[in-house]
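Spelled out, the chains give:
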Amino acid sequence: MTWTNYTIPFEAPGEWVRMLSSDEAQFGGAGHDGPERLIADHSAGGALPCAATLDLPPLTALVYRGPEVKAYDAAALELRESLAAEAEAAREGATAS
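Notes on the structure follow.

## Topic: unusual backbone geometry
Right, on to step 1. Although it is not a glycine, asparagine 5 sits at a positive phi angle of roughly 50 degrees.
Right, on to step 2. With respect to the element layout, asparagine 5 can be found in strand E1 (residues 3-10).
Right, on to step 3. One non-glycine residue with positive phi stands out, namely leucine 59, at about 50 degrees.
Right, on to step 4. Inspection of the secondary structure puts leucine 59 in the loop between strand E4 (50-56) and strand E5 (62-65).
Right, on to step 5. Assessed through its relative accessible area of 87%, leucine 59 is described here as exposed.

## Remarks on the nonpolar core
Side chains of nonpolar character tend, in soluble globular proteins, to be buried together.
Right, on to step 1. Membership of the largest hydrophobic core is limited to nine residues, which are Phe10, Trp16, Leu38, Ala40, Cys50, Ala52, Leu54, Leu56 and Tyr64.
Right, on to step 2. Of all elements in the fold, only strand E3 (37-40) and E4 reach the threshold of two or more residues within this core.
Right, on to step 3. A total of four residues in this core trace back to one element, the largest contributor, which is E4.
Right, on to step 4. If we ignore the near neighbours within four places in the chain, the residues touching leucine 56 are Met1, Thr2, Trp3, Tyr6 and Leu62.

## Brief notes about the sheet that holds E5
Right, on to step 1. Strand order in this open sheet of three strands is E3-E2-E5, and the pairing throughout is antiparallel. Taken across any chain shown, the strands that pair with only one partner, and hence form the sheet edges, are E3 and E5. Direction aside, the axes of adjacent strands within the sheet are offset by 35 degrees on average.
Right, on to step 2. Bridge analysis of strand E2 (residues 14-21) against E3 gives four bridges, and the strand direction is antiparallel. Residue pairing across strands places tryptophan 16 opposite leucine 38, the latter belonging to E3.

## Overview of the environment of glycine 31
Right, on to step 1. Following the sequence through the fold, glycine 31 ends up in the loop between E2 and E3.
Right, on to step 2. Through-space distance from the C-alpha of glycine 31 to that of threonine 60 is 9.9 Å; in sequence the pair is 29 residues apart.

## A closer look at the pattern of salt bridges
Right, on to step 1. Scanning the entire structure with this criterion turns up one salt bridge.
Right, on to step 2. For arginine 37, the salt bridge goes to glutamate 15, with nearest N and O atoms at 3.6 Å. Taken together, the positions of arginine 37 in strand E3 and glutamate 15 in strand E2 put the pair 22 residues apart, joining distant regions of the chain.

## Let's talk about the packing of aromatic side chains
Right, on to step 1. Under the counting rule described, the total for this entry stands at one aromatic pair.
Right, on to step 2. Geometrically, the ring pair formed by tryptophan 3 and tyrosine 6 is edge-to-face, given 6.1 Å between the ring centres and 65 degrees between the ring planes.
Right, on to step 3. Overall, the relative accessible area of 44% leaves tryptophan 3 in the partly exposed class.
Right, on to step 4. Tyrosine 6 sits in the partly exposed class, given a relative accessible area of 35%.

Each value, and the rule that gives it
Residues numbered from 1 in each chain as written. Predicted model: local features only at pLDDT ≥ 70, side-chain atom pairs only at ≥ 80, totals over all residues. Heavy atoms only, no water. Helix = DSSP H or I, 4+ residues; strand = E, 2+ residues; numbered from the N terminus. Buried < 20%, exposed > 50% of the residue type's maximum accessible area, 1.4 Å probe, protein only. Core = buried A, V, L, I, M, F, W, Y, C linked by side-chain atoms within 4.5 Å. Contact = heavy atoms within 4.5 Å. Pairing = 2+ DSSP bridges. Axes fitted to C-alpha atoms, helices over the stretch in contact; angles between N-to-C directions. Salt bridge = Lys/Arg side-chain N within 4 Å of Asp/Glu carboxyl O. Phe/Tyr/Trp six-rings, centres within 6.5 Å; stacked < 30°, edge-to-face > 60°.

Nothing here speaks to function; it is geometry throughout.
As structure tokens, then:
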């Protein structure tokens, strides 16, 4: 069964590029590969902040590579710097006493 206008939630907005479709002819499939690119945006709502819609071919696994998520990178860097500052303060406190 083909699912039309199937909504898939994504964690981040941006362009997602198909890396693999199990329905490609080289894997013995019928060649209903699904879209080469998906654009996830904030319009769909749901459990995750972004979503994209596609027609999902029957009996097919699709693998997409997403964009780099800069917001998560910035948050991780901020946390890393905060923890490093706390560790340095603890070391300085230990040597002062």
